[in-house]
Amino acid sequence: MNFSDLTTILPLITLVGWAIILILVDLFIPAQRKGIMAMLSAIGIMISLVIAICQFGGQTTAFSGMVVFDGFSVFLQILFLISGLAAIALAYDYIKRQGIERSEYYILLMFSLSGMTLMAMADDLIIIFLALELLSIPLYVLAGFANPRLDSEEAALKYFLLGSFSDAFVVFGTALVFGAARTTTIPGIIAAITVGAANLILLMVGAALILIGLGFKVSIVPFHMWTPDVYQGAPSSVTAFMAVGAKTAGFAALLRVFMAAFNTLAVDLVPVLWALAALTMILGNITAIVQGNIKRLLAYSSIAHTGYISMVLVTINQSRITQHAVGAALFYLVAYAVTSFGAWAVVITLEHSEGKGLNVEDYAGLGRKYPALAAAMTVFMLSFTGVPPTLGFLGKFYIFRAVLEGGYVGLAIIGVLTSLVSAYYYLRVVVVMYMREGEPLVRKEFWLSSTIFMTAIATVIVSIFSTPLFTWASKGIMFIPK
Amino acid sequence: MTLNYALFFILAAIAIASALGMLLSKNAVYSALFLILNFNVVAIFYVLLNAPFIALTQITVYAGAIMVLFLFVIMLLGAEQTGRISSARWVKPAAYSLGIILISEILYIIFAQTGVIPDAASIAAEFGSPVTVGKALFSRYLLPFEATSVLLIASMIGAIVLTKRKS
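All of these numbers come straight from a predicted model, not from anything done at the bench.

Conventions we followed
- Every chain is numbered independently, its residues counted from 1 as its sequence is written.
- Labels are handed out in written order, letters beginning with A for the chains and numbers beginning with 1 for the ligands.
- Local features in this predicted model are restricted to residues of pLDDT 70 or higher, and side-chain atom pairs are both shown and tallied only at a pLDDT of 80 or more, whereas totals for entire chains, interfaces and linings draw on every residue.
- Note: side-chain values were computed over all heavy atoms of the structure, leaving out hydrogens and water.
- Contact definition: two residues touch when any of their heavy atoms are within 4.5 Å.
- A simple way to read buried area is as the amount of 1.4 Å-probe accessible surface that goes missing from two parts once joined, with both sides added.
- Basic side-chain nitrogens of Lys or Arg form a salt bridge, by our definition, when they fall within 4 Å of a carboxyl oxygen of Asp or Glu.
- By definition, any uninterrupted DSSP run of H or I lasting at least four residues is a helix, any uninterrupted run of E lasting at least two residues is a strand, and each is numbered from the N terminus.
- Under the scheme applied, nonpolar residues are Ala, Val, Leu, Ile, Met, Phe, Trp, Tyr, Cys and Pro; charged residues are Asp, Glu, Lys and Arg; polar residues are all the others, including Gly.
- All axes here are fitted lines through C-alpha atoms, helices being fitted over the stretch that makes contact, and every angle between N-to-C directions spans 0 to 180 degrees.
- If an angle is under 35 degrees, it is roughly parallel; if it is over 145, roughly antiparallel; if it lies from 65 to 115, roughly perpendicular; otherwise it is oblique.
- Crossing handedness is read from the near helix: turned anticlockwise from the far helix by less than a right angle, it gives a left-handed crossing, and turned clockwise, a right-handed one.
- By definition here, a helix of n residues has an expected span of 1.5 Å times n minus one.
- For every residue, the accessible area (1.4 Å probe, protein chains only) is compared with the maximum for its type, and the residue is labelled buried under 20%, exposed over 50%, or partly exposed between those bounds.
- These domain boundaries are the output of an automatic or database domain assignment.
- Under the rule applied, a polar contact is a pair of N or O atoms within 3.5 Å (in protein, one hydrogen donor and one hydrogen acceptor; residues adjacent in sequence only if both atoms are side-chain atoms).

Quick word on the interface of chain B and chain A
Argument step 1. Tallying the contact residues gives 27 residues for chain B and 33 residues for chain A.
Argument step 2. Carbon and sulfur atoms supply 73% of the area that chain B and chain A bury against each other, a total of about 2,700 Å² over both sides.
Argument step 3. Broken down residue by residue, the surface that chain B buries against chain A is led by Arg140(B), Leu143(B) and Val161(B), which jointly contribute 23%.
Argument step 4. Scanning the region where chain B abuts chain A turns up zero salt bridges.
Argument step 5. Per-element accounting of the side of chain B that touches chain A gives the leading share, 14 residues, to helix α6 (residues 142–163) of chain B.
Argument step 6. By residue class, the composition of the side of chain B that touches chain A is 16 nonpolar, six polar and five charged.

If you want it as structure tokens, here you go:
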């Protein structure tokens with residue numbers, strides 16, 4: 001280890017160090033003023049964000065190849081850190097209102113965030129596993145933060161049990177890959193495959209197990225069973241962070257491992273990935289139609305979006321479009337993150353105590369009483385559907401383009417058709433807001449409103465200037481030492 | 001060499017039998033005891049693989065500390081007798097048939113594969129010694145080591161948050 005190793009992971013060190021200092025600082029903050037902790041942790045995340053932005057450019061590895069620093073990792077780190085800030089903005093008033101305000105909320109959130117940042121840089125299967133654990137364990141606790149409320153406890157326990165079960169798949173897969181290639185670093189695995197030193201059958205089984213474990217984290221069908229219950233039971237501010245952060249981190253690992261290391265297994269993997277993506281899109285969208293609870297609706301919608309992103313994985317063996325595929329996936333993740341935080345912020349605005357105000361019917365009359373809020377929600381729903389001029393449209397456009405370039409017309413058609421299906425349930429929310437009479441109960445709060453405002457603006461504005469973002473995202477291709 | 005192989009297969013049979021015993025026994029305490037047996041057999045595997053340090057860690061940490069915790073929890077909760085879990089009628093046949101499919105797939109892969117699994121003979125004798133493990137832990141695997149310590153802090157805070165009742 002030397003000094004440059006440390007500077008490479010400086011954003012991560014800042015986050016972890018700040019979180020540990022905050023544990024101590026917390027002792028000196030009186031119980032009724034724990035809101036200060038939100039500000040303090042936001043400052044820590046911002047410092048980390050500034051460092052991450054300053055580090056922009058260049059490619060290197062650190063800690064003897066355990067982590068890699070490239071465009072991909074910087075892009076994702078910035079996305080994670082901004083998501084962390086948004087998550088704090090959503091939580092600040094919400095947890096106070098729900099009577100679950102404790103400073104550990106922000107500390108756990110920062111630990112989870114540091115796991116995600118580590119995942120963005122991971123270039124070794126061991127680091128991928130540790131990052132997965134580091135981001136998941138605080139999320140299990142955060143999901144149960146509203147205990148002794150029963151649905152929150154149920155969410156935490158379900159997420160914990162199924163989550164640890166799926167992590168075991170990742171560990172077992174990693175062990176088998178190590179047995180096959182005698183190394184766990186991604187460049188090492190690539191080298192072992194290239195020179196023909198790897199046992200391909202063991203490698204195949206290992207890759208399949210890792211796919212199952214990571215597929216659980218991003219809720220690919222049929223590993224999605226936990227998603228609706230956990231999203232519904234967890235406090236909404238946690239769900240928003242989980243829906244964006246854990247999913248993005250899972251995809252970071254999937255893209256890095258499958259695009260770089262396991263692309264030689266494509267003959268066997270692509271049919272499986274094709275079927276998984278198609279199933280995820282179909283099941284997510286069709287089940288969402290019958291949901292009356294907005295949190296469950298968004299949970300199924302998040303499963304559907306997983307399906308769209310995992311479409312790019314079928315192109316793993318076509319190196320000429322890898323850039324487009326990875327760029328499209330990253331762009332979609334940004335679009336999904338911005339839109340999700342906006343939509344969840346609206347959900348939190350309308351949610352009041354004891355889980356009231358969470359049905360689609362509770363949004364009746366929003367268009368007349370609170371036109372700005374209803375307009376913002378309409379933007380988010382259109383973006384989820386994929387209607388121009390929103391980020392969601394461009395995300396889908398880039399994904400479909402990459403899939404078509406790869407020659408998978410059938411999959412693209414399934415994608416388009418399921419998007420049409422999704423219009424039904426997204427637009428139903430809009431219809432209820434504008435066409436029905438009602439007395440919606442709304443909580444006005446500065447940070448919540450500004451999150452809604454900023455994400456709504458970003459959903460539209462960024463979509464107009466999307467080309468630089470996409471170019472940046474596709475330059476984020478992983479650095480693979482030859 | 002043949003002695004090693006013979007030992008391995010005998011131990012493997014015990015390991016599989018104890019794992020099955022753990023799954024199938026109705027009494028949770030018996031399950032835990034079967035698990036201890038299983039851990040110990042796995043520890044002997046590590047010794048056979050020239051990794052005495054990991055073998056001892058396996059016994060002290062898993063067969064020792066963690067199992068004591070398991071037994072305490074089982075006995076304190078009075079959960080020795082696991083009740084019959086009621087589930088839908090199709091679950092059991094479905095689970096059995098999926099399991100049989102998986103086993104036959106694995107057997108097919110083992111017998112159909114043409115390449116051989118690389119021999120473990122090339123591993124150096126001091127591979128699993130405490131000195132080598134320590135050196136690797138603090139040089140090449142420094143970052144995973146530190147990440148694990150952060151993970152432990154996070155889990156500790158999580159456990160405290162979930163169990164501490166508000167005053």
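Comments concerning the packing of helix α3 (residues 35–54) of chain A against helix α5 (residues 104–121) of chain A
Residues and elements named next belong to chain A.
Argument step 1. Contact geometry for α3 and α5: axes closest at 10 Å, N-to-C directions at 20°. Considering the angle they form, α3 stands roughly parallel to α5. For the element pair α3 and α5, the recorded crossing hand is right-handed. In contact with Met-37, Ala-38, Ser-41 and Ile-45 of α3, α5 contributes Tyr-106, Ile-107, Met-110 and Leu-113.
Argument step 2. In terms of residue class, the contact of α3 with α5 is made up of seven nonpolar, one polar and no charged.

Description of helix α2 (residues 10–25) of chain A
Argument step 1. If you check α2(A), its first and last C-alpha atoms are 22 Å apart, about what 16 residues at 1.5 Å a residue would give, namely 22 Å.
Argument step 2. Along α2(A), the residues that are buried comprise Pro11(A), Leu12(A), Thr14(A), Leu15(A), Val16(A), Ala19(A) and Leu22(A).
Argument step 3. Those residues of α2(A) hidden inside the fold are in contact with α1 (3–8), α3, α4 (71–97) and α5 of chain A together with α6 of chain B.

Let's talk about the pattern of salt bridges
Residues and elements named next belong to chain A.
Argument step 1. Counted according to the given criterion, the structure contains 12 salt bridges over all chains.
Argument step 2. Asp-229 is paired through a salt bridge with Lys-158; the nearest N and O atoms lie 2.6 Å apart. Placement of Asp-229 in helix α10 (residues 226–233) and of Lys-158 in helix α7 (residues 150–181) is noted, with a sequence separation of 71 residues between them.
Argument step 3. Put simply, Arg-296 and Asp-229 hold a salt bridge, and the shortest N to O gap is 3.2 Å. With a gap of 67 residues between them, Arg-296 in helix α13 (residues 294–310) and Asp-229 in helix α10 connect regions that are remote in the sequence.
Argument step 4. Counted as one network, the salt bridges with shared partners bring together Glu-154, Lys-158, Asp-229 and Arg-296.

Here we look at the domain arrangement of chain B
Residues and elements named next belong to chain B.
Argument step 1. Annotation of chain B at the domain level lists domain 1 (1–82) and domain 2 (127–167).
Argument step 2. Computed from C-alpha coordinates alone, the two centres of domain 1 and domain 2 are separated by 24 Å.
Argument step 3. With four residues of domain 1 in contact, the opposing surface of domain 2 contributes four residues.
Argument step 4. Summed over both partners, the interface of domain 1 with domain 2 comes to about 310 Å²; 78% of that surface belongs to carbon and sulfur atoms.
Argument step 5. In terms of surface lost to domain 2, no three residues of domain 1 exceed Asn-50, Pro-52 and Phe-53, which account for 79% of the buried area on that side.
Argument step 6. At the boundary of domain 1 with domain 2, the tally comes to zero residue pairs in polar contact (both at pLDDT 80 or more).
Argument step 7. Across the side of domain 1 that touches domain 2, the residue classes tally to three nonpolar, one polar and no charged.

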